[in-house]
Every structure is written in structure tokens, then in C-alpha cells.
Amino acid sequence: ALEAGVAEGGRRAVEQYRAFGMSGESLEALEALSADVAAGLVAVWPALSALALWLGVWIAHRLLGRWGRVGSDFGRRLTPLPFERFRPPEALVWPLIAGLVGLWTDVGWVPRAAANVALALGVVYAIAGLAIQWWWRGRRGMGTAWRVALVVISAMFLTPFAAAAWVMIGLADVWVGFREREQ
């Protein structure tokens with residue numbers, strides 16, 4: 001149903017562009033692109049769902065810690081930490097590595113499952129890398145406004161490079177421990 005919905009939206013867009021008088025070659029390329037986007041979205045839908053659920057649980061966790069009534073032990077664990085201290089559990093690195101390895105296999109369902117694992121955990125480690133970058137810039141005396149501006153500029157203009165760098169920094173932190181070397 002998802003693939004059909006995205007494909008239908010692509011067909012409507014192509015018809016709209018056809019009504020505007022777009023050339024035939026461009027329309028064919030647009031049709032092929034919309035079909036590829038539909039297939040790609042269906043392939044990574046489980047990862048997107050997992051990330052949305054993770055974000056929802058995190059927000060609920062924060063709201064409970066802020067306005068909920070909980071026991072003292074659970075309340076202590078809910079105290080907010082600064083973003084620069086974000087660190088995923090160390091055990092998550094191995095499913096990510098297995099997902100990256102699984103991308104190179106041609107065994108039935110494995111590449112699709114590997115893509116979902118790599119996408120979901122790649123986002124988690126990209127957030128960890130961004131947190132380390134945030135911490136590092138703060139240690140050098142950079143204010144919040146400058147840090148936000150640099151993150152926004154790098155995310156806007158250098159998206160593939162920034163995302164890859166954040167994932168690699170987040171992965172490297174598992175073994176190197178950048179924030180433990182604060183002295």
C-alpha cells in the first residue's frame with residue numbers, strides 16, 4: 001500500500017508536469033525516479049518506523065521525567081543529561097557492523113534487512129558523532145549560537161560528508177573514547 005501510494009503520487013506529479021509541457025525525456029526520467037523512490041521507501045520503511053518509535057519513546061521519557069510522578073530511583077535515571085553526553089550502548093555497534101556487512105550479500109532478504117539495520121543504527125551513531133562534535137567545540141570555547149550555525153551550515157551544504165563524518169566519529173568513539181580523554 002505504501003509503494004502504491006508513493007507511486008500514485010509520482011504519477012500525479014508526472015501528469016501535472018505533462019500538463020505544464022515538460023519534455024518527454026524529462027517525464028520518462030521523472031517516472032523512473034518516482035518508481036525508484038517508491039521502492040526505496042518501502043525497503044527502508046521498517047528502519048524509519050523504528051526511528052520514529054525510538055524518538056516517541058524518548059520524548060515520552062523526557063515528558064515523564066519533567067511532569068510525571070515517579071519513584072526516586074526511576075526519577076534519578078530520568079534526570080536530563082546534556083546533549084554532548086549522548087552515547088548509545090556499546091553493544092549496538094555490532095548489529096551496525098553486521099548490517100553494513102550484510103549490504104554486500106546477495107542472499108534473499110539479507111540486503112533489505114541489512115539496509116534497515118544500517119539506516120536505523122547509522123542514525124543513532126550519527127547523533128552520537130554530532131554530540132561528540134558539539135562537546136569538542138564547546139571545549140574550545142565556542143558558544144551555542146556558533147555551534148548551531150556550524151551544524152546547520154554543514155548539514156545544509158555538506159550533507160553526505162557531514163553525515164558520514166558524524167557516523168564515523170560516533171563509531172570511533174566506541175573504541176577510542178574521545179570524551180574520556182578530557183585532560
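This text gives an overview of the structure that appears in the document. Going along each chain's sequence as written, the residues are numbered from 1 onward. Only residues with pLDDT of 70 or above have their local features reported here, since the model is predicted, and side-chain atom pairs are shown and tallied only from 80 upward, although totals for entire chains, interfaces and linings are computed over all residues. With hydrogens and water stripped out, all remaining heavy atoms of the structure feed into the side-chain values.

The numbering of helices and of strands both runs from the N terminus, where a helix is a DSSP run of H or I of at least 4 residues and a strand a run of E of at least 2. Check the secondary structure of the protein chain and you find eight helices and zero strands. Counting helices and strands in the order they occur from the N terminus, the protein chain gives α-α-α-α-α-α-α-α. A burial count over the protein chain gives 24% of its 183 residues as buried. In the protein chain, the share of contacts with a sequence separation of at least 24, taken over all contacts with a separation of at least 6, comes to 64%. All accessible areas in this document rest on Shrake-Rupley with a 1.4 Å probe, and a residue is counted as covered only by the protein chains that are shown. Surface exposure of the protein chain reaches about 12,300 Å², of which carbon and sulfur atoms provide 69%. In this scheme, a residue with accessible area under 20% of its type's maximum is buried, one over 50% is exposed, and one in between is partly exposed, where area comes from a 1.4 Å probe on protein chains only. By definition in these notes, contact holds between two residues if any of their heavy atoms fall within 4.5 Å.

Judged by nonpolar contacts, V93, L96, L121, Y125, A126, L130, W134, V151, A162, W166, V167 and L171 together constitute the single largest core of twelve residues. Those elements that place two or more of their residues in this core are helix 5 (93-102), helix 6 (110-139) and helix 8 (159-176). Looking at which element gives the most residues to this core, the answer is helix 6, with five residues. Ignoring any residue separated from it by four or fewer positions in sequence, one finds Y125 in contact with P88, P89, E90, L92, V93, L96, W166, V167, G170, L171 and V174. To form a nonpolar core, buried Ala, Val, Leu, Ile, Met, Phe, Trp, Tyr and Cys residues must be joined to one another through side-chain atoms within 4.5 Å.

Time to look at the pattern of salt bridges. Salt bridges are identified by distance alone: a Lys or Arg side-chain nitrogen within 4 Å of an Asp or Glu carboxyl oxygen. Per the stated rule, a full pass over the model turns up eight salt bridges. Between R18 and E31 there is a salt bridge, and its shortest N-O distance comes to 3.7 Å. In this pair, R18 is assigned in helix 1 (residues 2-20) and E31 in helix 2 (residues 24-43), connecting sequence segments 13 residues apart. When its relative accessible area of 39% is taken as the criterion, R18 is described as partly exposed.

Moving on, we get to the packing of helix 7 (residues 144-157) against helix 8. Between helix 7 and helix 8, the shortest axis-to-axis distance is 5 Å and the interhelical angle comes to 120 degrees. Accordingly, the angle class assigned to the pair helix 7 and helix 8 is oblique. Two secondary-structure elements touch here, helix 7 through V151, S154, A155, M156 and F157 and helix 8 through T159, A162 and W166. The nonpolar class holds Ala, Val, Leu, Ile, Met, Phe, Trp, Tyr, Cys and Pro. Asp, Glu, Lys and Arg form the charged class, and all remaining residues, Gly among them, are polar. Taken together, the residues of the contact of helix 7 with helix 8 sort by class into six nonpolar, two polar and no charged. Whenever a helix is involved, its axis is fitted only over the stretch in contact; in every case the axis is a line through C-alpha atoms, and angles between N-to-C directions fall within 0 to 180 degrees. The labels follow the angle: roughly parallel below 35 degrees, roughly antiparallel above 145, roughly perpendicular from 65 to 115, and oblique for the rest.

Take the side chain of S154 next. Assignment of secondary structure puts S154 in helix 7. Identification of polar contacts relies on pairs of N or O atoms within 3.5 Å, with a donor-acceptor requirement for protein atoms, meaning one able to donate a hydrogen and the other able to accept it, and with residues adjacent in sequence counted only if both atoms are side-chain atoms. A distance of 3.0 Å separates a polar atom in the side chain of S154 from the backbone oxygen of V151.

Pairing of aromatic rings covers Phe, Tyr and Trp, the last through its six-membered ring, and needs centres within 6.5 Å; plane angles under 30 degrees mean stacked, over 60 mean edge-to-face, and all others mean tilted. For the structure shown, the criterion picks out two aromatic pairs. Taking 6.4 Å as the distance between ring centres and 55 degrees as the angle between the ring planes, the aromatic pair formed by W54 and F86 counts as tilted. Taken together, the residues span a long stretch of sequence, with W54 in helix 3 (residues 45-67) and F86 in the loop between helix 4 (72-77) and helix 5 at a distance of 32 residues. The class for W54 is partly exposed, based on a relative accessible area of 37%. The class for F86 is partly exposed, based on a relative accessible area of 22%.

Right, let's get into a nonpolar patch on the surface. Like-charged residues are merged into a patch within 9 Å and nonpolar side chains (Val, Leu, Ile, Met, Phe, Trp, Tyr) within 5 Å, provided each residue has over 30% relative accessible area and no salt bridge. On the surface, V148, V152, I153, M156, F157, L158 and F161 cluster together into a nonpolar patch covering about 740 Å² of accessible area. Take the nonpolar patch: its biggest share by element is five residues, from helix 7. Within the secondary structure, M156 sits in helix 7. M156 sits in the exposed class, given a relative accessible area of 54%.

Here the focus is helix 8. An expected span of 1.5 Å times one less than the residue number is assigned to each helix. The terminal C-alpha atoms of helix 8 lie 25 Å apart, and with 18 residues this matches the ideal 26 Å at 1.5 Å per residue to within 8%. Within the span of helix 8, buried status applies to A162, W166, V167, G170, L171 and D173. Along the axis of helix 8, the buried positions cluster into a sector of 165 degrees, meaning they face one direction only. In helix 8, those exposed residues whose orientation departs by more than 90 degrees from the buried face are P160, F161 and W175. Positive backbone phi, at 70 degrees, marks G177, one or two positions downstream of helix 8. By arc we mean the arc of the directions from the helix axis to the C-beta atoms, nothing more.

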